[in-house]
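Listed below are the residues making up each chain.
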Amino acid sequence: PVATISTRPPLESPPGLSAKALPAGAVELKWQAVPDAVDYQLYRKTPAQPAFSPLTRSGPVLTWVDTPLADGPYQYVVASVPASKEETGSPLEG
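Because the structure is predicted, anything quoted here is derived from the model rather than measured.

Chemist: What is the right way to look at the overall build of the protein chain in this model?
Modeler: Within the protein chain one finds 0 helices and 7 strands. Helices and strands in the protein chain line up, N terminus first, as β-β-β-β-β-β-β. Among the 94 residues that make up the protein chain, the fraction classed as buried is 34%. A sequence separation of at least 24 residues applies to 52% of the contacts in the protein chain between residues at least 6 apart. Accessible surface computed for the protein chain: about 6,000 Å², of which carbon and sulfur atoms make up 59%.

Here is the structure:
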């Protein structure tokens, strides 16, 4: 028997990632849909962190309100997740 491995190309990064400051230190993140994405994974990084940390998965929703514990400059990445659960990211510094 011969095994055949089929790979799908990764999805594109979600375009248009933007951040808006809200009252009480909250940050509203928005991005545009990616065809065939079934989920979106958000990551956050502070200046003290060496790498991005997973924040949440939004499902098919294209917006998320982050409520960090402290004020400061944060960086965000949103990754599109296809049915196969592989992620393709899009960064935002803010």
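Chemist: Which parts of the structure should I look at to understand the nonpolar core?
Modeler: One recurring pattern in soluble globular proteins is that nonpolar side chains are buried together. One finds L11, L17, V27, L29, W31, V34, A37, Y40, L42, Y74, Y76 and V78 forming the largest nonpolar core, which totals 12 residues. Breaking this core down by element, the ones donating at least two residues are β2 (27-30), β3 (39-45) and β6 (75-81).

Chemist: Any chance you could explain the pattern of salt bridges here in plain terms?
Modeler: Enumeration according to the criterion identifies 2 salt bridges in this entry. Here D39 and R57 are joined by a salt bridge, their closest N and O atoms 3.5 Å apart. Residue D39 is located in strand β3, and its partner R57 is located in strand β4 (residues 53-57); the two are separated by 18 residues in the primary sequence. Looking at D39, the relative accessible area reads 10%, which means it is buried.

Chemist: Looking at this model, I keep getting lost on the pairing of strand β1 (residues 18-21). Mind explaining?
Modeler: The two faces of the sheet receive side chains in turn, since in a regular strand these alternate between them. Relative to β2, β1 runs antiparallel, the two sharing 4 bridges. Residue A19 lies in a different strand from β2, and its bridge partner there is L29. Hairpin connection of β1 to β2: 5 residues between the antiparallel strands, including A24 at a positive phi of 65 degrees.

Chemist: Got a minute to help me understand unusual backbone geometry in this structure?
Modeler: Negative phi values dominate among residues other than glycine, just as trans dominates among peptide bonds. We note that A24 has phi near 65 degrees; this positive angle belongs to a residue other than glycine. Within the element layout of this structure, A24 appears in the loop between β1 and β2. Classification of A24 by relative accessible area gives exposed; the value is 87%.

Chemist: Looking at this structure, how should I read the pairing of β2?
Modeler: Bridge count between β2 and strand β5 (residues 63-66): 4 bridges; the pairing is antiparallel. Each bridged residue has a counterpart across the sheet, and for L29 the counterpart in β5 is W64.

Conventions and cut-offs
- Residues numbered from 1 in each chain as written.
- Predicted model: local features only at pLDDT ≥ 70, side-chain atom pairs only at ≥ 80, totals over all residues.
- Heavy atoms only, no water.
- Helix = DSSP H or I, 4+ residues; strand = E, 2+ residues; numbered from the N terminus.
- Buried < 20%, exposed > 50% of the residue type's maximum accessible area, 1.4 Å probe, protein only.
- Contact = heavy atoms within 4.5 Å.
- Areas by Shrake-Rupley, 256 points an atom, 1.4 Å probe, with all protein chains shown as cover.
- Core = buried A, V, L, I, M, F, W, Y, C linked by side-chain atoms within 4.5 Å.
- Salt bridge = Lys/Arg side-chain N within 4 Å of Asp/Glu carboxyl O.
- Pairing = 2+ DSSP bridges.

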